[in-house]
Amino acid sequence: MTSDESPIVLPDDPSFGDDVQVDYPGYRSTRLRAPKRPLVTLPEELHSVDGPVFGDETVSELDYDLTRQHDGEPLGERIVVAGRVLDDSGKPIRNALVEVWQANSAGRYKHQVDQHPAPLDPNFSGAGRCFTDDDGNYRFITLKPGAYPWGNHENAWRPAHIHFSVFGRAFAQRLVTQMYFPGDPLFRFDPIFNSVRDPKARALLVSEFDLATTQPEWALAFRWNIVLGHGGSGTTPLEEGHA
Amino acid sequence: MSLPKTPSQTVGPYYAIGLCRRVENELVPLNDPAAIRVIGQLLDGEGRPIGDGMIEAWDAAGGRWGRSGTDADGRFSFVAAKPPALQGAAPRLDIYVFARGLLKHQLTRMYFPDEPEANASDPVLSSLPEADRAVLVAEQEDGAVRFDIRMQGERQTVFFAL
Ligand SMILES: [Fe+2]
C-alpha cells in the first residue's frame, strides 16, 4: 500500500472548527476511552469562573531551562521555545502555569514505559515549568525532541512535538496539547495530529521558526502562541455533536 | 473578534514526566480535621483499568486543586475537604480526566454521598435522569469516598461540555 492510500488518516473536515475529534478512529486507543454518550451542557451561570492559583514555590528558578537540570549538557539541537498565552479575545493571560514535557533529541522519553531503543541522555529529564509574565509570555530553553515510533499501526512514528499543559484564569480554560515543528514530513501520517480535522485549526498546533528570537552562536528559536477558550459552558456548540 | 482556540491533544502515556513530578493530590493537608480521602478507579469501555490516566480535582467553592496519576489498577486518590454548598447547589468537586487515548480531557462532577437533601435539590443533578444522578454521587467506602469513572458503557460517567 502506498502512503497515499493509508487508512490511518481521514480526509480533512473543516466543519470541526478548532475542536478535536475525540473518537478519531485512526488513533486506536480512543476506541475504549473516548466517551460514547453526548456531553451534557451545563447552564452557563453554574460554570465556575475561577481556577487554581499557584504559589511561587510551584516553579523554581531554572525550571524553564531543560538544558541546565543536570551536571552536564544534554546532546541535541538547542532551541528556545517562546510565545504568549492569550484568551480568545486576544488578551494576555498573566501568571498562567505552563508545563512542558518531551522526548530527548533521540526520541526517547525518560519514562519506564518508553522502550524505544534509542539512547537515554543522563543530562536530560525533559520536563519544564514556568509562569507567563504580565504580557502573557512564556519561554523555555530546551532541545529539539526527536521523532519516535509508537504501536498505533504498522511503522507508526510521531512527528517531533513538545507536550504542553496550561492553566488559564478559569479552570474551564484548562488545556493540554502538543506543539509541533514546522514542515515535519510526518504530519500527514500522524493520526493524533490529524484528529484535529480542520486544517486551519491543525496549523495552530505548529510553531513558527522565529529568527528574531534565535540567539546567535547559541540557539535556534520557535514561536508558538496558545489561545485558551474564555471558559464557560456553551463556548463550543459543535462539541456536543462530536462527543 | 474571537481568536480560534488552540486545539487539544492527548496527554499521552508519558505525562508523569511533566505533570507528576511532585505529590499534588492533597487539596487540603492530610492533618486537616475536615480531610476526606477520595479514591476511585478509572475504567475503559471494557471495564479494564486505565493505568495511564490523570485526574485533576477542582474545588471551586474552596479554591483548592489537586491532581493524581492513575496506577496500574487505574486507581487515583486525593485528600480533599467537602466544599461548602453554594447558592442552592450541592457540594461537589469538578473532576477532569486526562489519558492516553483521550484527545481532549473530560469534565465530570463528584457529589458527596452524605448530602442526600442537597443532592436532591441541586439544579444540575436534579436535571439528569436518575441513573445518571447515581453515577455522579460517590460512595462511602472504609472511611473514604469512592468515585469510579467509567469512560464508556452502560454506567458511563456523565461528562459535561466544556
Ligand atoms: Fe509524546
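Residues numbered from 1 in each chain as written. Chains lettered and ligands numbered in written order. Predicted model: local features only at pLDDT ≥ 70, side-chain atom pairs only at ≥ 80, totals over all residues. Heavy atoms only, no water.

**Q** So what exactly am I meant to see when it comes to the overall build of chain A here?
**A** A count of helical and extended segments in chain A gives three helices and eleven strands. The order of helices and strands in chain A, counted from the N terminus, is β-β-β-β-β-β-β-β-α-α-β-β-β-α. Scored against the burial criterion, the 243 residues of chain A give a buried share of 56%. Looking at chain A alone, contacts between residues at least 24 apart form 71% of all its contacts between residues at least 6 apart. For chain A, the accessible surface area stands at approximately 11000 Å², while carbon and sulfur atoms represent 53% of it. (Helix = DSSP H or I, 4+ residues; strand = E, 2+ residues; numbered from the N terminus. Buried < 20%, exposed > 50% of the residue type's maximum accessible area, 1.4 Å probe, protein only. Contact = heavy atoms within 4.5 Å. Areas by Shrake-Rupley, 256 points an atom, 1.4 Å probe, with all protein chains shown as cover.)

**Q** Just to check I follow, could you spell out the interface of chain A and chain B for this structure?
**A** When the parts come together, some accessible area is lost, and that loss is often what is quoted as the size of the interface. Taken together, the contact between chain A and chain B spans 79 residues of the former and 59 residues of the latter. Where chain A touches chain B, the interface holds six salt bridges. Of the charged contacts, one joins Glu24 of chain B and Arg129 of chain A as a salt bridge, the two residues approaching to 3.7 Å between their closest N and O atoms. Here chain A and chain B share 27 residue pairs in polar contact (both at pLDDT 80 or more) between them. (Salt bridge = Lys/Arg side-chain N within 4 Å of Asp/Glu carboxyl O. Polar contact = N/O pair within 3.5 Å; in protein donor to acceptor, adjacent residues only side chain to side chain.)

**Q** Just checking my understanding: could you explain the pairing of strand β10 (residues 220-223) of chain A for this structure?
**A** On any regular strand, side chains alternate: one points to one face of the sheet, the next to the other face. Residue and element names in this part refer to chain A. Examined bridge by bridge, strand β1 (residues 78-87) and β10 share four bridges and lie parallel to one another. Its bridge partner lying in β10, Ala82 is registered against Arg223. The pairing of strand β9 (residues 208-209) with β10 spans two bridges and is antiparallel. Bridging from a neighbouring strand, Glu208 pairs with Arg223 of β10. (Pairing = 2+ DSSP bridges.)

**Q** How should I be thinking about the sheet that holds strand β7 (residues 161-167) of chain A in this particular structure?
**A** Residue and element names in this part refer to chain A. The four strands are arranged β3-β2-β7-β8 in an open sheet whose pairing can be described as antiparallel. Each edge of the sheet is formed by a strand with only one pairing partner; in this case those strands are β3 (127-131) and β8 (175-180). On average, each strand axis in the sheet is tilted by 20 degrees relative to the strand beside it, whichever way the strands run. (Axes fitted to C-alpha atoms, helices over the stretch in contact; angles between N-to-C directions.)

**Q** Can you walk me through the packing of aromatic side chains in this structure?
**A** Working definition: an aromatic ring pair is given by the centre-to-centre distance plus the angle between the planes. One pass over the full model with this rule turns up 18 aromatic pairs over all chains. Residues Tyr138 of chain A and Phe164 of chain A carry aromatic rings whose centres are separated by 5.6 Å and whose planes lie at 70 degrees to one another, so their mutual orientation is edge-to-face. Of this pair, Tyr138 of chain A sits in strand β4 (residues 137-143) while Phe164 of chain A sits in strand β7; the two residues are 26 residues apart in sequence, bridging distant segments of the chain. Exposure remark for Tyr138 of chain A: the relative accessible area of 2% places this residue in the buried category. Under the relative-accessibility criterion, Phe164 of chain A is labelled buried at 1%. Between Phe171 of chain A and Tyr96 of chain B, the ring centres sit 4.3 Å apart and the planes meet at 20 degrees, which makes this aromatic pair stacked. Pair noted here: Phe171 of chain A is in the loop between β7 and β8 and Tyr96 of chain B is in strand β5 (residues 92-99), and the two residues belong to different chains. (Phe/Tyr/Trp six-rings, centres within 6.5 Å; stacked < 30°, edge-to-face > 60°.)

**Q** Explain the pattern of salt bridges to me, please; I cannot follow it from the model alone.
**A** According to the stated counting rule, one finds 25 salt bridges over all chains in the structure shown. Residue Arg67 of chain B pairs with Glu24 of chain B through a salt bridge whose shortest N-O separation is 2.9 Å. Of this pair, Arg67 of chain B sits in strand β3 (residues 64-69) while Glu24 of chain B is found in the loop between α1 (16-19) and β1 (35-43), placing the two residues 43 residues apart along the sequence. Judged on exposure class, the residue Arg67 of chain B and its partner Glu24 of chain B are both buried. The salt bridge partner of Lys82 of chain B is Asp114 of chain B, with a shortest N-O separation of 3.1 Å. Of this pair, Lys82 of chain B sits in the loop between β4 (75-81) and β5 while Asp114 of chain B sits in the loop between β6 (106-111) and α2 (116-121), and the two are 32 residues apart along the sequence. Salt bridges here are not isolated pairs; linked through shared partners, they connect Glu99, Arg129 and Arg174 of chain A together with Glu24, Glu56 and Arg67 of chain B.

**Q** Hey, could you run me through the sheet that holds β6 of chain B in this one?
**A** Strand-to-strand pairing in sheets goes through backbone hydrogen bonds, with the strands running parallel or antiparallel. Residue and element names in this part refer to chain B. Spatially, β3-β2-β5-β6 is the arrangement adopted by the four strands of the open sheet, whose pairing is antiparallel. The sheet terminates laterally at β3 and β6, the two strands that pair on one side only. Strand-to-strand twist across the sheet, computed as the mean angle between neighbouring axes with direction ignored, equals 25 degrees. Two strands pair when backbone bridges link them, and strand β2 (residues 53-59) and β5 are joined in this way by six bridges, in the antiparallel orientation. Bridge pairing in β5 links Ile55 to Val97.

**Q** Quick question: what am I supposed to make of the side chain of Asp121 of chain A here?
**A** Residues and elements named next belong to chain A. Its place among the elements puts Asp121 in the loop between β2 (97-101) and β3. With no salt bridge to any partner, buried Asp121 finds its closest opposite charge in Lys110, at an N-O distance of 9.1 Å. Within the structure, the side chain of Asp121 is placed 2.8 Å from the backbone nitrogen of Leu75, a separation counted as a polar contact. Contacts of Asp121, omitting those with residues within four sequence positions, involve Pro74, Leu75 and Asn104. (Lys, Arg positive; Asp, Glu negative; His and termini not counted.)

**Q** Please explain the coordination of the iron ion as it appears in this structure.
**A** Six octahedral donors around a metal ideally sit at 90 or 180 degrees from one another, while four tetrahedral donors ideally sit at 109.5 degrees. All names here are of chain A. Distances from the iron ion to its protein donors, namely Tyr109 (OH), Tyr148 (OH), His161 (NE2) and His163 (NE2), fall within the range 1.9 to 2.2 Å. With four donor atoms in place around the iron ion and angles of 91 to 160 degrees between them, the coordination shape is irregular. Along the chain, the residues donating to the iron ion are arranged with the sequence spacing Y-x38-Y-x12-H-x1-H. Residue Tyr109 is located in the loop between β2 and β3, and its partner His161 is located in strand β7; the two are separated by 52 residues in the primary sequence. Residue classification places Tyr109 among the buried residues on the basis of a relative accessible area of 0%. (Donors = N, O, S within 2.8 Å, 3.2 Å for Na, K, Ca; no water. Tetrahedral: all angles 85-135°; square planar, octahedral: opposite > 155°, others 65-115°.)

**Q** Explain the confidence of the model for chain A here, please?
**A** Low pLDDT marks regions whose predicted coordinates should not be analysed in detail. Here chain A averages 90 in pLDDT, while 90% of its residues score no lower than 70. Taken as a whole, residues 232-243 of chain A scores under 50 in pLDDT and shows 31 contacts with residues more than four places along the chain or in a different chain. (pLDDT = per-residue confidence, 0-100.)

**Q** Can you help me understand the nonpolar core in this one?
**A** Within soluble globular proteins, side chains that are nonpolar tend to cluster in buried spots. In terms of nonpolar packing, the biggest core is built from 36 residues, with Trp101 and Tyr109 of chain A together with Val11, Tyr96, Leu136 and Phe160 of chain B touching the most fellow members. Broken down by secondary-structure element, the contributors of at least two residues to this core are β2 and β3 of chain A together with α1, β2, β5, β6 and α3 (130-136) of chain B. Ignoring sequence-local partners within four residues, the contact set of Leu136 of chain B consists of Thr108, Arg109, Met110, Tyr111, Leu125, Leu128, Phe147, Thr157, Val158 and Phe160 of chain B. Counting 25 residues, the second largest nonpolar core, distinct from the first, contains Val38, Leu42, Phe76 and Ala80 of chain B. (Core = buried A, V, L, I, M, F, W, Y, C linked by side-chain atoms within 4.5 Å.)

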